[in-house]
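Report on the structure
The primary structure of each chain is shown beneath.
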Amino acid sequence: MTTTAPTQTANDLMLRVSGLNVYYGESHILRDVDLSVPRGQMICLIGRNGVGKTTMLKTIVGLLSPRSGALDLGGIPIAKLPTDRRARMGIGYVPQGREIIPRLTVEENLLLGCEARPEGRTGKEKVLPEIFELFPVLGDMLGRMGGDLSGGQQQQLSIARALMGKPQLLLLDEPTEGIQPSIILEIEAAVRKIIEKTGISVLLVEQHLHFVRQADYYYAMQKGGIVASGPTDELTNDVIQEFLAV
């Protein structure tokens, strides 16, 4: 089952991926991937473990280099730009496993996110008030070491750190992995609120079905290629069983 993505003009798109091929050595991981993320929408990339979803995000952010294909951010080619340039152009990245810095405080972790702003970090930044609106628990923990937080709190911190860079496109790699259900719902609500309030775009890699259904549109991956796509309100049980069920 493959459907055609809605027609979008270049001005409508925050991200366009065209004919992307990525290798690890001689292993062909991503195969002719076409994908787009409209402005102000959440797009979900689904598929079983090992099909190339994380590789896709790492390639977008610049941690991996494509062998062929195009990446455009807001109509600007970025495939040959270094990771720091992409970050300052507006790509925020929340990696799988969170990767907060355990020996820095919550506040210090948050302020590190300012490095991704176009002007860099001046040393005069403060935590954005909207961070505490989205994740109230962080406001009570600014002086606590990042490594002392629970897994769910660290995930909220990781997302908040990315938001401190004021991104236009937010990449989230399995943000609900290993997190208790109540925190998953809080993260879902926060991501939707981020989109509604700021108009940023989100590309989400996720296997938690409830979160997947919060997205506007999905792409399903198998063996490194896109094999199905469509609005998430048309996501059928057959597709779920084929691409999400273990």
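Residues numbered from 1 in each chain as written. Predicted model: local features only at pLDDT ≥ 70, side-chain atom pairs only at ≥ 80, totals over all residues. Heavy atoms only, no water.

**Some thoughts on the sheet that holds strand 4 (residues 68-73)**
The test is simple: Pairs of strands are assigned from DSSP output, requiring at least two bridges between the strands. Secondary structure counts use DSSP, requiring at least four H or I residues in a row for a helix and at least two E residues in a row for a strand, with both numbered from the N terminus. Whether two residues are in contact is decided by their heavy atoms: any pair within 4.5 Å suffices. Lines fitted to C-alpha atoms define the axes here, with helix axes fitted over just the stretch in contact, and angles between the N-to-C directions of these axes take values from 0 to 180 degrees.
Here four strands make up an open sheet; going across it, the order is 2-1-4-5 and the pairing antiparallel. Of all strands in the sheet, those bounded by a partner on one side alone are strand 2 (27-38) and strand 5 (76-77). With respect to the sheet, helix 1 (residues 53-61) is in contact with strand 1 (13-24), strand 2 and strand 4, its orientation differing from that of strand 1 by roughly 115 degrees.

**Some thoughts on unusual backbone geometry**
What counts is decided by this rule: Here's how the labels work: a residue is buried when its accessible area is under 20% of the maximum for its type, exposed when over 50%, partly exposed in between, all with a 1.4 Å probe on protein chains only.
Look at Lys166: it is not a glycine, yet its phi comes out positive at around 55 degrees. If you trace the backbone, Lys166 turns up in the loop between helix 6 (151-163) and strand 7 (169-173). Backbone geometry places Glu174, a non-glycine residue, at a positive phi of 50 degrees. Along the chain, the position of Glu174 falls in the loop between strand 7 and helix 7 (181-198). The exposure class of Glu174 is buried, given its relative accessible area of 10%.

**Considering helix 6**
Each turn of an α-helix holds 3.6 residues, which means side chains three or four residues apart point in the same direction. Where we set the bar: The span expected for a helix works out to 1.5 Å for each residue beyond the first.
For helix 6, built from 13 residues, the straight-helix expectation of 18 Å at 1.5 Å per residue is met to within 8% by its first-to-last C-alpha distance of 19 Å. The element helix 6 is extensively covered by neighbouring structure, given that twelve of its 13 residues are classed as buried. Those residues of helix 6 that fall on the buried side of the exposure criterion are Gly152, Gln153, Gln154, Gln155, Gln156, Leu157, Ser158, Ile159, Ala160, Arg161, Ala162 and Leu163. Against the buried residues of helix 6 lie strand 6 (91-94), helix 3 (106-112), helix 4 (129-134), helix 5 (136-139), strand 7 and helix 7.

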